[in-house]
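# A look at the structure
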Amino acid sequence: MKGKLILTLLFLCCGTAMRAQQVSLDTAGRINDFELRKPGKLVRMTINSTLNAGIPQKRIAEFFVEKISAAMLNLDNPNEAYYEYYLRLWGKPKLDAVQQELAALKKWLEEDADPGTVSHLDDFYKHLKTLRGKTAAGDWYKVNDSCITGSTVVPLAKAATGENEGSYILELRQENLFNKMMADLYNDTYPGTGFDQWSVGDYLRKENDLQALLDRVKTIRAKDVNAMTQADSLEMVDITYDTDTDPVIQEIIGTDYFTNWIWLRAGEAVINPFERKGKDTAAIKPGNGLLSRSRNTSLLKEASMADELLNKILLSPDIKRDTRNIHYFRLSGTAVKEKKQAIEQPLRGDEQVKVNMHNTRANETLELVMKDTVRHNGRNNTMNSIDEGIGILGGTYKTFSSLTTFLTSAWTSGVTVKSDDKRASYAGLNKMNDNIVDIKTVLALMEKDLKEKNEYNAYIASVASNHGSLTQYVEDGHIRSGKTDNYIRALLTAYSGIYNRFIALKDAAKKDSLAIAMTYGNVYESSLPPATAKVQSRSGKPVYRTEILTAEKLDEDYKVNYIVRGYVPNGAKTDTLKLATFSTKNAKLKWMVPSAGLMFTIPDQSYAMNKFEVSQATGASITTKRKTTSFVVGLNIYAKPINMLDNHWGHSKLCPWYSRLSVFIGLDVPEIMYHFYPGISYDILPGLKITGGAHLYRHTKYEIRNNAVLKQGDVLRGAGPFVGVNLDPNIVLRIVNVFNKTDK
């Protein structure tokens, strides 16, 4: 019980600590901000997201509305080939019903109106309804295998190797429910079509049969109705029968598979939904209007992807080890959001900058370009401010001096439709009377009239003249007296009946030709559909990614300007887009730094500098002096190279205390040969040092007899401890110049 309590408390503490670790995602799955408070201990992260099911649902609805609308446009228009195609195969009742169901489904997608009973497209409707029921964001999006909600806590992993080692990885995936719906619809409708029982060889034989049938119908359609014979009419009847009994056309007529996929390609009879046809570049070539199979593109791999890697995000702390990470967030269009706090402080010479360009497009390449460099004075902001303040003080001093002088000075100054009267339309026959009874004359006049109307068929004329209905009007090759009109009407009736039947056969052949040609084209342009459709996790490039660019280390006192550019290679042409610019101030890490300042000695009792002199006025004398305040110039040698641009007092993460310790070796100015100041310095601010050590001086010993120096020698003695303040020699020189009277 005690152990469980401890675990619970640990979990609550960790949960409290982890609430600050968070990532924000927009509605497109792009990261637009993140915060890492404790990067070293981070194992989970909160994802705040505006991702929701409404976005893919809207796209799904728009996609199907567009597809259904295109199908309706072709199926509703009697002038379109698809309308004639399905009218020939299905008949008008089914075609009308499919049109009505497509319209109802379109309205359902647009207005959420109840489509009522859907019978022909019931499988399509059922699976589409299931897809539209996926209304939760977690149905569509996952981060590191955790379903997305408004605020989601997800586990994290670190990149173990490579230049991105130590970065946290977030993988945002979008579940491809559209592909799942397509696979489910296919698996529900394809089995039992007959296609699933065919081998590739069977499929090719069916294609060859259709091609042979197409050749036959092309040949028979080439014959004019005026030249047709009985054999031609029988061939047309056979073609209609062969069309109706063709195995592929039988499947299109009799199975629900084709009905439920009619929306996919604007009304086309879809044999293989996982194949996209290429552009028909051969159509302009004489005698070849069909596509080459090599131009078809298989969509099976694309359609089998269960999900898509929408964004692969790498998260790096702003500052880690010897790296400064700056972040840019690509948003919609060319908009870029910046997060550059890491380079607000100058860079040490052993540090590098990494540019993290989040939401980089899949087909985009980035490059980091160093635009230019400008050398700076190597001092931090505070030391520059001190220098600037001294300059202002000096300028003020000079101004007031000049102003005093000025004030003092100023103060002082288609086919023909036959008539019911079978004789009325023929001019030659109308001129006949009952006195003309020769059959040959009547037939000659009829031939003349029909040829003038381009409706004469010799075979039909022969059959019609021997029609049994005419025998009652004929006797020994002549027309019975008073029966001419009756004979002509009966003759034309027999002729028109056969002629119109030939026209009907020609019209049927035209429809058969359309059905055969479109079916053959679909078979030719498709491969045998797969036995089943499966979906699986996708690998490959994400839609968006974090691209990390590394700038080279620069151990010099430079200000550097950078440009981040993006481009999409396009053959010989490259379109470049400037995405971001930034600047860094780099500090050369220094082992040795000159300094100057005032040193104050706490003198020992024995400290004295003697000097023996002989003059005529005073004779021999020894003078003694004790110098306790000195202007000292020297060199600081550091235990570890110091970052002189660090602007923190005491110490900082970027400039730790041990890098501020140095050994100082200084000399008195102007008595450089007489006073020495070895010691230890500490930069309370890089460039501003407190120094302490031992003041050593050169002491001269004299051996004097009778006011004459017999012997003298120099020894190095300690004057006592010293303490002082050191600055950059240039700043000290400016201070001296301010108060130097010669500057007035």
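### Here's the deal with the sheet that holds strand β1 (residues 22-25)
The 4 strands are arranged β2-β1-β3-β6 in an open sheet whose pairing can be described as mixed. Of all the strands in the sheet, just β2 (31-35) and β6 (151-155) have a single pairing partner and so form its edges. Between one strand and the next, the sheet's axes are offset by a mean angle of 25°, whatever the strand orientation.

### Here we look at the environment of Ser316
With respect to the secondary-structure elements, Ser316 resides in the loop between β11 (307-315) and β12 (319-320). Take Ser316: its relative accessible area is 1%, and that puts it in the buried class. In the structure, Ser316 is positioned 281 residues away from Glu35 in sequence and 9.8 Å away in space, judged by C-alpha atoms. A polar contact is formed between the side chain of Ser316 and the side chain of Ser167, at a distance of 2.6 Å.

### Points about the packing of aromatic side chains
The tally for this structure, following the rule as stated, stands at 26 aromatic pairs. Taking the centre distance of 5.1 Å and the plane angle of 80° together, the rings of Phe63 and Phe178 count as edge-to-face. Taken together, the residues span a long stretch of sequence, with Phe63 in helix α2 (residues 54-75) and Phe178 in helix α7 (residues 177-189) at a distance of 115 residues. Judged by its relative accessible area of 26%, Phe63 is partly exposed. By relative accessible area, Phe178 is classed as buried at 18%. Measuring from centroid to centroid gives 4.9 Å for Tyr562 and Phe582, while their planes differ by 15°, and the two rings are stacked. Of this pair, Tyr562 sits in strand β21 (residues 558-570) while Phe582 sits in strand β22 (residues 573-587); the two residues are 20 residues apart in sequence, bridging distant segments of the chain.

### Comments concerning the nonpolar core
If you look at the biggest cluster of nonpolar residues, it comprises 111 residues, and the most contacted ones within it are Phe64, Leu102, Leu170, Trp263 and Leu315. Of the residues forming this core, the biggest block, 18 residues, is contributed by helix α17 (residues 484-524). The next biggest cluster of nonpolar side chains, apart from the first, holds 18 residues, and it includes Leu347, Val355, Val564 and Leu579.

### Digging into the packing of helix α8 (residues 200-221) against helix α9 (residues 230-245)
α9 packs onto α8 with a crossing angle of 150° between their chain directions and a minimal axis gap of 10 Å. The chirality of how α8 crosses α9 is left-handed. In contact with Leu213, Arg216, Val217 and Ile220 of α8, α9 contributes Asp232, Glu235, Met236, Asp238, Ile239, Asp242 and Thr243. Grouping the constituent residues of the contact of α8 with α9 by class yields 5 nonpolar, 1 polar and 5 charged.

### Considerations on the side chain of Asn226
In this fold, Asn226 is placed in the loop between α8 and α9. Look at Asn226 and you get buried, because its relative accessible area is 15%. Not counting chain neighbours up to four residues away, the residues in contact with Asn226 comprise Asn454, Glu455, Tyr456, Asn457, Ala458 and Tyr499.

### Focus on α2
If you check α2, its first and last C-alpha atoms are 31 Å apart, about what 22 residues at 1.5 Å a residue would give, namely 32 Å. Turning to α2, its buried residues are Ile55, Pro56, Gln57, Ile60, Ala61, Phe64, Val65, Ile68, Ala71, Met72, Asn74 and Leu75.

### A few points about α9
Relative to the 22 Å expected for 16 residues at 1.5 Å per residue, α9 spans 23 Å between its end C-alpha atoms, a close match to the ideal helical length. Turning to α9, its buried residues number three or more, namely Asp232, Ser233, Met236, Ile239 and Thr243. Down the axis of α9, the smallest arc covering the buried residues is 115°, so these residues share one side. Of the residues in α9, the exposed ones pointing more than 90 degrees away from the buried face are Ala231 and Tyr241. Here the buried face of α9 lies against α3 (81-89), α8, α10 (247-254) and α17.

### Here's the deal with unusual backbone geometry
Cis geometry is found at the peptide bond from Val669 to Pro670, where omega equals 20°. Considering the arrangement of structural elements, one finds Pro670 in the loop between β27 (661-669) and β28 (675-685). If you check the backbone angles, Asn144 has positive phi at about 50° while not being a glycine. Mapped onto the fold, Asn144 is located in the loop between β4 (141-143) and β5 (146-147). Here Asn359, not a glycine, exhibits a phi torsion of approximately 65°, which is positive. Within the element layout of this structure, Asn359 appears in strand β16 (residues 352-361).

Cut-off values and rules
- Residues numbered from 1 in each chain as written.
- Predicted model: local features only at pLDDT ≥ 70, side-chain atom pairs only at ≥ 80, totals over all residues.
- Heavy atoms only, no water.
- Pairing = 2+ DSSP bridges.
- Helix = DSSP H or I, 4+ residues; strand = E, 2+ residues; numbered from the N terminus.
- Axes fitted to C-alpha atoms, helices over the stretch in contact; angles between N-to-C directions.
- Buried < 20%, exposed > 50% of the residue type's maximum accessible area, 1.4 Å probe, protein only.
- Polar contact = N/O pair within 3.5 Å; in protein donor to acceptor, adjacent residues only side chain to side chain.
- Phe/Tyr/Trp six-rings, centres within 6.5 Å; stacked < 30°, edge-to-face > 60°.
- Core = buried A, V, L, I, M, F, W, Y, C linked by side-chain atoms within 4.5 Å.
- Left-handed = near helix turned anticlockwise from the far one by under 90°.
- Contact = heavy atoms within 4.5 Å.
- Nonpolar A, V, L, I, M, F, W, Y, C, P; charged D, E, K, R; others polar.
- Expected span 1.5 Å × (residues − 1).
- Arc of directions from axis to C-beta.

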